[in-house]
There are 2 protein chains.
Amino acid sequence: MKYSYVSHLYCPKCGNEYDTKQQHQLCTCGSPLLVEYDWDELKANVTPDDIAKRNPTLWRYHEMLPVENEQNVVSQGEGMTPLLSMPTIGKDMGVEKLYMKDEGLVPTGTFKARGAAVGVSKAKEVGIEEFAMPTNGNAGAAWALYGARAGLKSTIVMPQDAPKITRNEVALSGANLYLVNGLISDAGKIVGKAVKEFGLYDASTLKEPYRIEGKKTMGLEIAEQMGWKFPDVILYPTGGGVGLIGIYKALNELKNLGWVKGELPRLVAVQATGCAPIVKAWEEKKSESEFWPDSSTQAFGINVPKAIGDFLVLDAVYKTDGCAIAVDDQDMLDEQERIAQMEGSFICPEGAAVFVAIRQLRQQDWIKEGETVVALNTGAGIKYPDTVNIDVPILEKDDSIKVASN
Amino acid sequence: MKYSYVSHLYCPKCGNEYDTKQQHQLCTCGSPLLVEYDWDELKANVTPDDIAKRNPTLWRYHEMLPVENEQNVVSQGEGMTPLLSMPTIGKDMGVEKLYMKDEGLVPTGTFKARGAAVGVSKAKEVGIEEFAMPTNGNAGAAWALYGARAGLKSTIVMPQDAPKITRNEVALSGANLYLVNGLISDAGKIVGKAVKEFGLYDASTLKEPYRIEGKKTMGLEIAEQMGWKFPDVILYPTGGGVGLIGIYKALNELKNLGWVKGELPRLVAVQATGCAPIVKAWEEKKSESEFWPDSSTQAFGINVPKAIGDFLVLDAVYKTDGCAIAVDDQDMLDEQERIAQMEGSFICPEGAAVFVAIRQLRQQDWIKEGETVVALNTGAGIKYPDTVNIDVPILEKDDSIKVASN
């Protein structure tokens, strides 16, 4: 029995193929590469029942992940996050079958750990010793920490305005950390120069082919947790969009395996009104997005003015009859508070954006009555303490509380 | 088949018994109450194999938890956190079989979610509508958010110096939050007055009997994750000490059930040198601790100058041939950094304290060569961003990185 049924890398634009035993970045044509597997062989040797008996991490799907030797797996127990029922806020929005996939419960507190776990493991497997990447914070934190566990050196460049906690994570890991007075696109240019000059492995989004495989496990888990069924709609806060690309890949793989039957869920890309290049492209029925100038949003993880995988995100949205929608920052913060008060979950602003989108799409009847809807919360609210503004009474030791409940 | 085999509450000091259908706080004699189960009936109806098939949350042990009606369960997917191998730091300390139970991967980012999940669920079951509690931050955050999910009102009082993120969690939940210019013991006095004046349920540590049951699931999980075996040593950062009391209770229950054979692990209470009442009592072979004046430590969760359950903590340490040890704040911060660099885990200072203790106890040969050791990391490092001090170079958009690796 093989640990992985990985077959090769292929280019979704020009069809070129590459060997997974070697180090690869983009296709020679400039497109990101995707991972293919020996599906017939896999299907003959693995069943959903086998998977049900395994430990609750994303490595339970190891046959459809790219790491070939289990010894190379770099894990901190990531994956199999809760798929939580959200009955109170669901009722409030008129979406009775509302679930939240809560990616706050992974190492480093965001879904980026999935991409880092698989990406770093495969980097180790193909002999990489040092990598560099730009980040809006959370991906860099995850890669730096998983890199440390793997014994890889890393150089991380992030915008000065990125969440401060992510700086601490990167610095504590021993990585080389630089801040840039600019956006993630500026950080990317600096990394690009360093990659060329020092011959580093470029771990930028989609410039290495394996983080998608880590993120696709969100799709695998949603299907397994629903009893190997698909929901009607999955919504995802879209910056670089790798999670959405990964989920779409996973859903197709499960359908082709025959493990799940029926139509794919409609996939929704949620962006902020201050940075909505995918939404604009979708509204104009285009297959690629344009650079969004002067982008700005408190939901830092989705402040990506031009995603290298935009054409794959748009393809997933078009093929599943999904849509793309932009929401306001203030609406996110209001929804974040409602979710805490109604469901007890302190989610990140990117996750809150998804719930705003659900509320609006239900009002527009794009989400129909009775449909099953899954919201991706991509991270824990505790990583973004500054989104909550509070004014708290301060007592002296001998004081008393005047009123018990409000 | 019953959902829970809970039988009654009993007093470990005077032996008095109480009905779990009613609301209870301390025993009339002033001692905390513990939960008892119908073990013979449970043993006849449940096996470890049954449990292995269930979802990865602490509710997989529902027969040995106090909630009788599944409808009352208030869950956010807490429990079955990773038991991670720590080979690099383990080798560095001469403890080759070193594991970390990572409680950062729960809602609210600390193990307090376990106590809150079970405590709030049972509070709901016995008809409580409003509770109050003092907290060093994390317990209050967990109770406020789980309380919100359950529809319970809460009043939370925390020291002004408690981690700021926990303020935001409490405030966002809609709870009544007060800060006090003092310690948790001062917050406790203010809560005590409010409880009397407004007839609130007192959810202070061990003044309600059920959070122990939530925390004992850490012990159940460690045993299950080791293949229903005990490690040689379990170390726990000890403030109020409820986790250690809970783990000790769990281990005894598993041994009495016959699910695990062999000697109980030696339990170690780890404190900070700036607040070490349990260590002092243990060194003096006393059964209770004394109030520790002017207590101070960066590991805020273990800044508890006098724990109401001190006698239960000391009893667990004595009965298992364990010990109590105090470590310095600076050592914690150094160890926190080493763990990030060697294992990729950003753990909390309380968790780091445990690793310092392991290093010292191994040097003293109290931990023997070849012993299996489990460290409890009680929370995610991201909840304590201020423990990391960093100095990062800032680049302009057109800058280049000068050196790739250090």
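Presented here is an overview of the structure given in this document. Source: prediction; values computed, not measured.

Next up on the list: the packing of helix H9 (residues 242-257) of chain A against helix H11 (residues 310-319) of chain A. Residues and elements named next belong to chain A. Packing of H9 against H11 brings their axes to within 9 Å, and their N-to-C directions diverge by 50°. On the basis of their axis angle, the class for H9 and H11 is oblique. H9 and H11 meet at a crossing whose hand is left-handed. Residues Leu-244, Ile-245 and Tyr-248 of H9 pack against Leu-312, Val-313, Asp-315, Ala-316, Val-317 and Lys-319 of H11. Classifying every residue of the contact of H9 with H11 gives seven nonpolar, no polar and two charged.

Attention now goes to the relation of the copies chain A and chain B. Superposing the two chain copies requires a rotation about an axis and a translation along that axis. For the pair chain A and chain B, the best superposition has an RMSD of 0.0 Å and corresponds to a rotation of 180° with a translation of 0.0 Å parallel to the axis. Overall, the copies show the geometry of a two-fold rotation axis. No C-alpha of chain A lies nearer the rotation axis than that of Leu-105 of chain A, which sits 2.4 Å from it. With an isologous cut-off of 70% or more, the 100% of interface residues of chain A that recur at the interface of chain B puts this contact in the isologous class.

Let us look at the interface of chain A and chain B. Taken together, the contact between chain A and chain B spans 72 residues of the former and 72 residues of the latter. For the pair chain A and chain B, the summed buried surface comes to about 6400 Å²; carbon and sulfur atoms form 62% of the total. Considering only the side of chain A, the residues that lose the most area to chain B are Leu-172, Ile-382 and Ile-401 of chain A, jointly responsible for 12% of the buried surface there. Applying the counting rule to chain A against chain B returns two salt bridges.

Residues and elements named next belong to chain B. Its identity is not glycine, yet Met-80 carries a phi of approximately 50°, on the positive side. In this structure, Met-80 sits in the loop between helix H2 (48-52) and strand E4 (83-85). Its identity as a non-glycine residue notwithstanding, Leu-206 has a phi of 70°, on the positive side. If you trace the backbone, Leu-206 turns up in the loop between strand E9 (201-202) and helix H8 (211-225).

Before going further, it helps to spend a moment on the environment of Arg-362 of chain B. Residue and element names in this part refer to chain B. Looking at the secondary structure, you find Arg-362 in helix H13 (residues 349-363). Take Arg-362: its relative accessible area is 15%, and that puts it in the buried class. Ignoring sequence-local partners within four residues, the contact set of Arg-362 consists of Met-93, Gly-94, Val-95, Ile-367, Lys-368 and Glu-369. For Arg-362, the side chain forms a polar contact with the main-chain oxygen of Ile-367, separated by 3.1 Å.

All names here are of chain A. Secondary-structure assignment places Glu-103 in the loop between strand E5 (97-102) and helix H4 (112-125). Given a relative accessible area of 0%, Glu-103 falls into the buried group. Within polar-contact distance, the side chain of Glu-103 engages the side chain of Thr-81 at 2.7 Å. With sequence-adjacent residues up to four places away left out, Glu-103 is seen in contact with Thr-81, Gly-109, Thr-110, Phe-111, Arg-114, Met-218, Leu-376, Asn-377, Thr-378 and Gly-379.

For the rest of this paragraph, the subject is the sheet that holds strand E7 (residues 153-159) of chain B. Spatially, E14(A)-E8(B)-E7(B)-E6(B)-E9(B) is the arrangement adopted by the five strands of the open sheet, whose pairing is parallel. Taken across any chain shown, the strands that pair with only one partner, and hence form the sheet edges, are strand E14 (394-395) of chain A together with E9 of chain B. For E7 of chain B and strand E8 (residues 176-180) of chain B, the ladder comprises five bridges, and the chain directions are parallel. Bridge pairing in E8 of chain B links Val-157 of chain B to Tyr-178 of chain B.

Moving on to helix H12 (residues 329-343) of chain A. Residues and elements named next belong to chain A. End to end, H12 covers 21 Å across 15 residues, agreeing with the expected 21 Å (1.5 Å per residue, within 8%). Burial in H12 covers these residues: Met-332, Leu-333, Glu-335, Gln-336, Ile-339, Ala-340 and Glu-343. Buried residues along H12 cover an arc of 165° about the axis, so they all sit on one side. Downstream of H12 by a residue or two, Gly-344 has a phi angle that is positive, lying close to 75°.

Right, let's get into helix H4 (residues 112-125) of chain B. All names here are of chain B. Over its 14 residues, H4 extends 20 Å from the first C-alpha to the last, a length consistent with the 20 Å expected when each residue adds 1.5 Å. Burial within H4 is extensive, with eleven of its 14 residues counted as buried. Listed in full, the buried residues belonging to H4 are Ala-113, Arg-114, Gly-115, Ala-116, Ala-117, Val-118, Gly-119, Val-120, Ser-121, Lys-122 and Ala-123. Here the buried face of H4 lies against strand E5 (97-102), helix H5 (138-150), E9 and H8.

This part covers the side chain of Glu-208 of chain A. Summarising the element assignment, Glu-208 of chain A is placed in the loop between strand E9 (201-202) and helix H8 (211-225). A polar side-chain atom of Glu-208 of chain A sits 2.8 Å from the main-chain amide nitrogen of Arg-211 of chain A.

Residues and elements named next belong to chain B. Strand order across the open sheet formed by six strands is E4-E5-E13-E10-E11-E12, with mixed pairing between neighbours. Both outer strands of the open sheet, E4 and strand E12 (323-327), are each paired with one neighbouring strand and no more. On average, adjacent strands in this sheet sit at an angle of 25° to one another, irrespective of strand direction. Bridge analysis of strand E11 (residues 266-272) against E12 gives five bridges, and the strand direction is parallel.

Take the pattern of salt bridges next. Counting across every chain of the model gives 58 salt bridges over all chains. Measuring nitrogen to oxygen at the nearest pair gives 2.9 Å for the salt bridge that ties Lys-122 of chain A to Glu-125 of chain A. Residue Lys-122 of chain A and its partner Glu-125 of chain A are located together in helix H4, separated by three residues, close to a single helical turn. Lys-122 of chain A gets classed as buried once you look at its relative accessible area, which sits at 0%. A salt bridge links Lys-319 of chain B to Asp-315 of chain B; its shortest N-O distance comes to 2.9 Å.

So, how was this worked out
Residues numbered from 1 in each chain as written. Chains lettered and ligands numbered in written order. Predicted model: local features only at pLDDT ≥ 70, side-chain atom pairs only at ≥ 80, totals over all residues. Heavy atoms only, no water. Axes fitted to C-alpha atoms, helices over the stretch in contact; angles between N-to-C directions. Helix = DSSP H or I, 4+ residues; strand = E, 2+ residues; numbered from the N terminus. Parallel < 35°, antiparallel > 145°, perpendicular 65-115°, else oblique. Left-handed = near helix turned anticlockwise from the far one by under 90°. Contact = heavy atoms within 4.5 Å. Nonpolar A, V, L, I, M, F, W, Y, C, P; charged D, E, K, R; others polar. Least-squares fit on C-alpha atoms with pLDDT ≥ 70 in both. Buried area = accessible area lost by both parts, 1.4 Å probe. Salt bridge = Lys/Arg side-chain N within 4 Å of Asp/Glu carboxyl O. Buried < 20%, exposed > 50% of the residue type's maximum accessible area, 1.4 Å probe, protein only. Polar contact = N/O pair within 3.5 Å; in protein donor to acceptor, adjacent residues only side chain to side chain. Pairing = 2+ DSSP bridges. Expected span 1.5 Å × (residues − 1). Arc of directions from axis to C-beta.

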